[in-house]
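# Structure at a glance
Take a look at the letters that make up each chain.
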Amino acid sequence: RIIFGYTVGLGLLGFSLKLKTKYESFSAVLLSGAMAIMYLITFSAYSLYNLFPQTVAFGLMVMFTVFTVIAAIHYNRQVIAHIGLAGAYAVPFLLSDGSGKVLILFSYVAIINTGILVISFKKYWKNLLYVSFGLTYLIYLSWYVSKYEHITQFDLAFTFLCIYFFLFDAAIMAYKLIKKEKFELQDI
């Protein structure tokens, strides 16, 4: 089943690349579907069938995310970048073993945010920035409400809260200063 799933995903990916020259929009939709299949098949292979260890599944999903982001830039389609973004933020939760390693999760999210912010600025995809912001703080807030221990985790929580704040603040400032945009209420 897993081999068949990967075959379908790769076949759909190849078909989308073949159609790119004549039917770019349709090709982008097929590519997005192929990447979604690859994420789901990798999750199934790891979680349902235990076919490979967590590190292999993590590596594959990171590779799929990088490919999806490169494809989004190449196709110049924000929707593909959103699929890569969703996959990137879903990876730690799909592959979690319940160990509660918050430092690794928050570091991973900071790395993903840095990449997303660079892409959103390079391509001027502000929606990507806003979705990334929302997902980051949703992840942070859900951890804070359910697992945060003030005595032992204050330094960790405050450090990553500052990192996330400065990443997104720098991105907004870069938009405003370099692109010469006017400050609006939502920016504040």
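Above this text is the structure in question.
Our subject in this report is the structure included herewith. Everything numeric in this text was worked out from a predicted model, so none of it was measured.

Moving on, we get to helix H4 (residues 78-94). Taking 1.5 Å per residue as the helical rise, H4 with its 17 residues ought to reach 24 Å, and the 24 Å between its terminal C-alpha atoms agrees with that figure. Those residues of H4 lying buried are Ile80, Ala81, Gly84, Leu85, Gly87, Ala88, Tyr89, Val91 and Pro92. If you follow the buried residues of H4, they end up packed against helix H2 (24-47), helix H3 (54-75), helix H5 (102-123) and helix H6 (126-146).

Their axes nearest at 8 Å, the elements helix H1 (residues 2-19) and H2 cross at an angle of 160°. With respect to each other, H1 and H2 are oriented roughly antiparallel. Relative to H2, H1 is oriented so that their crossing is left-handed. Its residues assigned to classes, the contact of H1 with H2 comprises 18 nonpolar, 7 polar and 1 charged.

Its volume calculated, the largest pocket comes out at about 670 Å³. Around the largest pocket, the lining comprises 23 residues; the ones closest to its centre are Pro92, Ser96, Ser99, Lys101 and Leu105. Elements represented by at least two residues in the lining of the largest pocket include exactly H3, H4, H5 and H6. The residue makeup of the lining of the largest pocket, split by class, is 11 nonpolar, 9 polar and 3 charged.

The next thing to look at is the nonpolar core. Counting residues in hydrophobic clusters, the biggest one holds 46 residues, and the most contacted among them are Tyr6, Leu31, Ile80, Phe106, Leu128, Trp143 and Tyr164. Counting only elements with at least two residues in this core, the list comes to H1, H2, H3, H4, H5, H6 and helix H7 (150-178). Apart from the residues lying within four places of it in its own chain, the contact partners of Tyr6 are Met38, Ile41, Thr42, Phe52, Leu60 and Phe64. Leu129, Ala171, Ile172 and Tyr175 belong to the second largest nonpolar core, which has 7 residues in total.

Calculation notes
Residues numbered from 1 in each chain as written. Predicted model: local features only at pLDDT ≥ 70, side-chain atom pairs only at ≥ 80, totals over all residues. Heavy atoms only, no water. Helix = DSSP H or I, 4+ residues; strand = E, 2+ residues; numbered from the N terminus. Expected span 1.5 Å × (residues − 1). Buried < 20%, exposed > 50% of the residue type's maximum accessible area, 1.4 Å probe, protein only. Contact = heavy atoms within 4.5 Å. Axes fitted to C-alpha atoms, helices over the stretch in contact; angles between N-to-C directions. Parallel < 35°, antiparallel > 145°, perpendicular 65-115°, else oblique. Left-handed = near helix turned anticlockwise from the far one by under 90°. Nonpolar A, V, L, I, M, F, W, Y, C, P; charged D, E, K, R; others polar. 1 Å grid on protein atoms, 1.4 Å probe; cavity = no way out; pocket = protein on both sides within 12 Å on 5 of 7 lines; lining within 4 Å. Points joined across faces, edges and corners; volume = space filled by probe spheres on them. Core = buried A, V, L, I, M, F, W, Y, C linked by side-chain atoms within 4.5 Å.

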